[in-house]
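Architecture at a glance
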Amino acid sequence: MRDVVVSTLPNGLRVLVQEVRTAPVATCWVWYRVGSRNETPGWTGISHWVEHMLFKGTPAHPAGTLTRLIDRLGGRWNAFTWKDYTAYFEVLPAAHLETAVRLEADRMTNTVFDPDVVAAERTVIIAEREGQENLPVYTLREEVEALAFKVHPYRQPVIGWKTDLLAITRDDLYAHYRAYYHPGNALVVLVGDVDAARAQAMVAEAFGGLPPGPPPPPVRAAEPVQEGERRVVLRRPGGATAYVQMVYHVPAAGHPDLPALLVLDGVLSGFGSAIPFDGNAGGRSSRLYRALVDRGLATEVSSGLTPSIDPTLLRISATVRAGVDPAAVEAAIDTELRRLQDIPPGADELARVRRQAQAQFVYLRDGVFRRALALGVYATVDRAERLWEVADGVAAVTADDVARVARTYLTPLRRTVGWYLPDVAVAREVAA
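Along each chain, the written sequence defines residue order, and numbers are assigned to residues from 1. Given that the model is predicted, a residue must reach a pLDDT of at least 70 before its local features are reported, and side-chain atom pairs must reach 80 or more before they are shown or counted; all residues, however, enter totals for whole chains, interfaces and linings. To get the side-chain values, all heavy atoms of the structure are used, and hydrogens and water are removed first.

1. Quick word on the overall build of the protein chain
Counted only if it meets this: Helix and strand definitions here come from DSSP, where helices need a minimum of 4 consecutive H or I residues and strands a minimum of 2 consecutive E residues; each element is numbered from the N-terminal end. We take the radius of gyration over the C-alpha atoms and set the globule estimate at 2.2 Å times the residue count to the 0.38 power. Whether two residues are in contact is decided by their heavy atoms, any of which lying within 4.5 Å being enough. Only the protein chains shown count as covering a residue, and every accessible area follows the Shrake-Rupley method with a 1.4 Å probe. Charged-residue counts in this description rest on Lys and Arg as positive and Asp and Glu as negative, His and the chain ends being excluded. The atoms used to mark charge sites are NZ of Lys, CZ of Arg, CG of Asp and CD of Glu.
Along the backbone of the protein chain there are 16 helices and 11 strands. For the protein chain, whose C-alpha radius of gyration is 23 Å, the value lies close to the compact-globule estimate of 22 Å for 432 residues. Considered along the principal axes of its C-alpha atoms, the protein chain spans approximately 60 × 60 × 40 Å. The long-range fraction of contacts in the protein chain, counting pairs at least 24 apart against all pairs at least 6 apart in sequence, stands at 81%. Roughly 17800 Å² of accessible area belongs to the protein chain as shown, and the carbon and sulfur atoms make up 54% of that amount. Distance between charge centres in the protein chain, computed from 47 positive and 50 negative side chains, equals 3 Å.

And the structure:
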């Protein structure tokens, strides 16, 4: 693998180390293969909640001391939970990397789940969810995903359903922590101004004595093939205009069609990034922007595809311009998708998307944070090597490949359409 040192400890912990000597900084990431994909109805949001609890301290690092410790070293730290994984990271001067490694090993097994702290955090997380509920784009996305997936847990929101957040107990959280937080279900990624052999020794010393842990419960649910279009119209108070979302089922990260689908996404709305949480699409030269924004049908349009462990969704989202019928926006999107199926992108258009993609893959090497993020994402959803396979694959995608995957995956039978309509009448009822 390209300048990445790979190893596995006897307890199953996978370790990736990449030396980057451009600045005296380093980053430590610990990835756990657990997210909303691993949750069951009644316990949705539990992975995200456990993520919050790992900032509440251990006997060696009591609550409040963790953040002060990282601040004192001149670093920053945070975490996030997604459908396929939960990740924790620190970015700090390279001389203090070992401190971050030891801290992560400590909270992998020794996090305190104090009942009073759990109760306080319930309020925080429900407030976080209620804040999201005020965003029309978020609420529509929840409805569309829940409809697009009938059985696969990708239908569940990462933050969880509110009723589940009210019911989850301290013991539920602790059991989830014990089931998924152990070396056998984790990956450590270290990138920065560090000797690879020394970095591996740090990880072995900090994590090597931890037990491997039990195999995580398998995710057996497989989404059946969608055999007809699904629709949802959400009428809620809030928002000044309508929104349209359209999603299509596409394969998992390891599928050979991923590079062509990423280029297709780039043709539609500009090549944003090959990894989630990094970069934005919405290029003004893209097909959807010209068809919707330039024509005055929408104020914003985007598309996106997040590489995932299991088959996932390609998403198109548009903010309808005030006074425009959402049906006109949907029809314009549909026209562009049919055009892409019938007429492959021209040489200039394909070259432009390739240049955008090339730039994004160069940006992934910009600093230790992005390098570690990219390595961690692909190593968790497939293999770390998949990152470079995708980069090479995108460069080799042809116009015919784009048209082929458009015909294969962007079909009405495989799509789910959602409209969000701000409802003044509902708003009055709620106010009353």
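There is more to say, and it comes next.
2. Some details on the sheet that holds strand β1 (residues 5-8)
This is how the line gets drawn: A pair of strands is treated as paired once DSSP finds two or more bridges between them. Working convention: axes come from line fits to C-alpha atoms, limited for helices to the stretch in contact. Angles between N-to-C directions cover 0 to 180 degrees.
Pairing in this open sheet of 6 strands is mixed, and the strands run β1-β2-β6-β3-β5-β4 from one edge to the other. Every other strand in the sheet has two partners, leaving β1 and β4 (76-81) as the edge strands with one partner each. Each neighbouring strand pair of the sheet contributes to a mean axis angle of 15°, computed without reference to strand direction. Sheet topology places strand β3 (residues 25-32) next to strand β5 (residues 86-93); 8 bridges connect them, and they run antiparallel. Residue W31 lies in a different strand from β5, and its bridge partner there is A87. Set on the sheet, helix α3 (residues 97-110) makes contact with β3, β4, β5 and β6 (186-192); between it and β5 the angle comes to about 155°.

3. Remarks on the packing of aromatic side chains
Counted only if it meets this: Here a pair means two rings of Phe, Tyr or Trp (six-membered ring of Trp) with centres within 6.5 Å. Their orientation is stacked below 30 degrees between planes, edge-to-face above 60, and tilted elsewhere. Think of it as a cone above the ring: NZ of Lys or CZ of Arg counts as a charge over the ring if it is within 6 Å of the ring centre and within 35 degrees of the ring normal.
The tally for this structure, following the rule as stated, stands at 20 aromatic pairs. Ring geometry for Y174 and Y177: centres 6.0 Å apart, planes at 45°, overall tilted. Pair noted here: Y174 and Y177 are both in helix α7 (residues 170-180), with a separation of 3 residues, about one helical turn. Grouped by ring-pair contacts, the aromatic residues Y32, F55, W77, Y88, F113, Y174, Y177 and Y181 constitute a single cluster. The ring of W82 is capped by K83, whose NZ or CZ atom sits 5.7 Å from the centre of that ring. R107 extends its terminal NZ or CZ atom over the ring of F55, reaching a point 4.8 Å from the ring centre.

4. Considering the pattern of salt bridges
Here is the rule: When a carboxyl oxygen of Asp or Glu lies within 4 Å of a side-chain nitrogen of Lys or Arg, that pair is called a salt bridge. In this scheme, a residue with accessible area under 20% of its type's maximum is buried, one over 50% is exposed, and one in between is partly exposed, where area comes from a 1.4 Å probe on protein chains only.
Applying the stated criterion across every chain, the model contains 27 salt bridges. Among the ionic pairs, D193 bridges to R21, the shortest N-O distance being 2.8 Å. Here the residue D193 occupies a position in the loop between β6 and α8 (196-207), and R21 occupies one in the loop between β2 (14-19) and β3, the gap between them amounting to 172 residues. Here D193 falls in the partly exposed class, since its relative accessible area comes to 24%. The partly exposed category is assigned to R21, whose relative accessible area is 48%. Put simply, E90 and R107 hold a salt bridge, and the shortest N to O gap is 3.5 Å. Of this pair, E90 sits in strand β5 while R107 sits in helix α3, placing them 17 residues apart in sequence.

5. A word on helix α14 (residues 386-396)
Residues of α14 that are buried include every one of R386, L387, W388, V390, A391, G393 and V394, and no others. Its buried side turned inward, α14 meets α9 (258-269), α12 (347-363) and α13 (368-381).

6. Here's the deal with the side chain of Q341
Following the sequence through the fold, Q341 ends up in helix α11 (residues 326-342). Discounting chain neighbours no more than four positions away, the residues touching Q341 are A403, A406, R407, L410 and T411.

7. What about the packing of helix α1 (residues 46-53) against helix α4 (residues 115-133)?
Worth spelling out the cut-off: Convention used here: angles under 35 degrees read as roughly parallel, angles over 145 as roughly antiparallel, angles from 65 to 115 as roughly perpendicular, and any remaining angle as oblique. For any helix crossing, the convention is left-handed if the near helix is rotated counterclockwise from the far helix by under a right angle, and right-handed if that rotation is clockwise. All amino acids are sorted into three groups, where Ala, Val, Leu, Ile, Met, Phe, Trp, Tyr, Cys and Pro are nonpolar, Asp, Glu, Lys and Arg are charged, and the leftover types, Gly among them, are polar.
Interhelical geometry of α1 versus α4 gives an angle of 125° and a closest axis separation of 10 Å. In terms of orientation, α1 and α4 fall into the oblique class. α1 and α4 meet at a crossing whose hand is right-handed. Of the residues in α4, those touching α1 at H48, W49, H52 and M53 are V117, V118, E121, R122, V124, I125 and E128. Taken together, the residues of the contact of α1 with α4 break down into 6 nonpolar, 2 polar and 3 charged.

8. Quick notes on α9
Filter applied, for reference: To estimate the expected span of a helix, subtract one from its residue number and multiply by 1.5 Å.
The terminal C-alpha atoms of α9, which comprises 12 residues, lie 17 Å apart, in line with the 16 Å expected from a rise of 1.5 Å per residue. Summarising burial for α9: 12 of the 12 residues are buried, a large majority.

9. As for the pairing of strand β8 (residues 243-250)
Burial analysis of β8 places 8 of its 8 residues in the buried class, which makes it a mostly covered element. With burial as the criterion, each face of β8 is covered, one bearing Y243, Q245, V247 and H249 and the other bearing V244, M246, Y248 and V250. Bridging between β8 and strand β10 (residues 312-320) involves 8 bridges; their strand directions are antiparallel. Counterpart to Y243 in the pairing with β10 is T319. Summarising the sheet, β8 and strand β11 (residues 415-422) pair through 6 bridges and their orientation is antiparallel. Paired with Y243 across the bridge in β11 is Y420.

10. Here we look at the nonpolar core
The line we're drawing: What is meant by a nonpolar core is a set of buried Ala, Val, Leu, Ile, Met, Phe, Trp, Tyr and Cys residues, joined one to another through side-chain atoms within 4.5 Å.
One finds W29, W31, V189, L264, L292, I333 and F361 to be the most contacted residues of the largest nonpolar core, which totals 92 residues. Per-element accounting of this core gives the leading share, 9 residues, to α13. Core analysis: the second largest hydrophobic core is formed by 52 residues, A26, L103, L165 and Y177 among them.

11. Points about the sheet that holds β11
Pairing in this open sheet of 5 strands is mixed, and the strands run β7-β11-β8-β10-β9 from one edge to the other. Of all strands in the sheet, those with a lone pairing partner are β7 (230-236) and β9 (298-305), marking the two edges. The mean inter-strand angle of the sheet, taken between neighbouring strand axes irrespective of direction, is 15°. Docked against the sheet, helix α5 (residues 136-148) engages β7, β8, β10 and β11, running at close to 35° with respect to β8.

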